[in-house]
Amino acid sequence: MSGLKDKLKADLTASMKNRDELRLRTIRMALAAVNVEEVSGKAARELTDAEIIKVLTREAKKRREAAEAFGNAGRAEQAQAERDEEEVLEEYLPAQLSDEELGRLVDEAVSETGASGPQAMGQVMKAVNPKVAGRAEGGRVAAAVRARLAG
């Protein structure tokens, strides 16, 4: 079993003992998402830590989008609950890149590929995505690349 999945299970047990409802429901949801991912496809398999981070990143993004939707609908209590769950999930994710760090990685990728102009965006994204690896959302990376190539 991966180290991250072990940590999630240990934290689940601890949150049960501490009667921490928020952490309990969030970690249960995260483990359920991991289990669904493990059994999807042709054969059941054990996920690596990197794959688990992708699943948790996807779940955190869902919480962020749901919080925004609830906020726009005037349902502040539900929006806050989604934000709280997102905070719990982010404890298990790698630290996000700052705008400066992301800009530096994009600049390096542009100079490596020799890209210029918006038509080279795919080429730059291919070079920068492995370096970012879960530390920045895809939309944020794409926006940084687009801005760098545009001007």
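Each value, and the rule that gives it
- Residues numbered from 1 in each chain as written.
- Predicted model: local features only at pLDDT ≥ 70, side-chain atom pairs only at ≥ 80, totals over all residues.
- Heavy atoms only, no water.
- Salt bridge = Lys/Arg side-chain N within 4 Å of Asp/Glu carboxyl O.
- Helix = DSSP H or I, 4+ residues; strand = E, 2+ residues; numbered from the N terminus.
- Buried < 20%, exposed > 50% of the residue type's maximum accessible area, 1.4 Å probe, protein only.
- Axes fitted to C-alpha atoms, helices over the stretch in contact; angles between N-to-C directions.
- Parallel < 35°, antiparallel > 145°, perpendicular 65-115°, else oblique.
- Left-handed = near helix turned anticlockwise from the far one by under 90°.
- Contact = heavy atoms within 4.5 Å.
- Nonpolar A, V, L, I, M, F, W, Y, C, P; charged D, E, K, R; others polar.
- Expected span 1.5 Å × (residues − 1).
- Arc of directions from axis to C-beta.

- The name given to the protein in an unreviewed UniProt entry is GatB/YqeY domain-containing protein, with the source organism recorded as Nonomuraea ferruginea.

A closer look at the pattern of salt bridges
Line of reasoning, step 1. A full pass over the atoms with the stated rule returns 17 salt bridges.
Line of reasoning, step 2. Close ionic contact of K61 with E65 constitutes a salt bridge, the shortest N to O distance being 3.9 Å. On the criterion of helical spacing, the pair formed by K61 and E65 is a turn pair, its members being four residues apart in helix α3 (residues 49-72).
Line of reasoning, step 3. Using a relative accessible area of 38% as the deciding quantity, one classes K61 as partly exposed.
Line of reasoning, step 4. Here R64 and E86 are joined by a salt bridge, their closest N and O atoms 2.4 Å apart. You can see R64 sitting in helix α3 and its partner E86 sitting in helix α4 (residues 76-90), a full 22 residues away along the chain.
Line of reasoning, step 5. Where salt bridges share partners, they join R25, E59, K62, R63, E82 and E85 into one cluster.

What to know about the packing of helix α6 (residues 121-132) against helix α7 (residues 138-150)
Line of reasoning, step 1. It is the contact of α6 with α7, at a shortest axis distance of 10 Å, that shows an interaxial angle of 135 degrees. In terms of their interaxial angle, α6 and α7 are classed as oblique. Between α6 and α7 the crossing geometry is right-handed. Contacts from M121, V124, M125, V128, N129 and V132 of α6 reach α7 at G138, V141, A142, V145, R146 and L149.
Line of reasoning, step 2. Looking at the contact of α6 with α7 residue by residue, the class counts come to nine nonpolar, two polar and one charged.

Considering the environment of E90
Line of reasoning, step 1. Here E90 lies in helix α4.
Line of reasoning, step 2. When the C-alpha positions of E90 and I53 are compared, they lie 9.9 Å apart, and in sequence the two are 37 residues distant.

Things to note about unusual backbone geometry
Line of reasoning, step 1. Positive phi, close to 55 degrees, is recorded for R19, a residue that is not glycine.
Line of reasoning, step 2. Take R19: it is sitting in the loop between α1 (3-17) and α2 (21-39).
Line of reasoning, step 3. Classification of R19 as exposed rests on a relative accessible area of 71%.

Some details on α1
Line of reasoning, step 1. Taking 1.5 Å per residue as the helical rise, α1 with its 15 residues ought to reach 21 Å, and the 21 Å between its terminal C-alpha atoms agrees with that figure.
Line of reasoning, step 2. By the burial criterion, the buried members of α1 are L4, K5, L8, D11, L12 and S15. Along the axis of α1, the buried residues cluster in a sector spanning 125 degrees; they form a single face.
Line of reasoning, step 3. Where α1 is buried, its residues meet α2 and α3.

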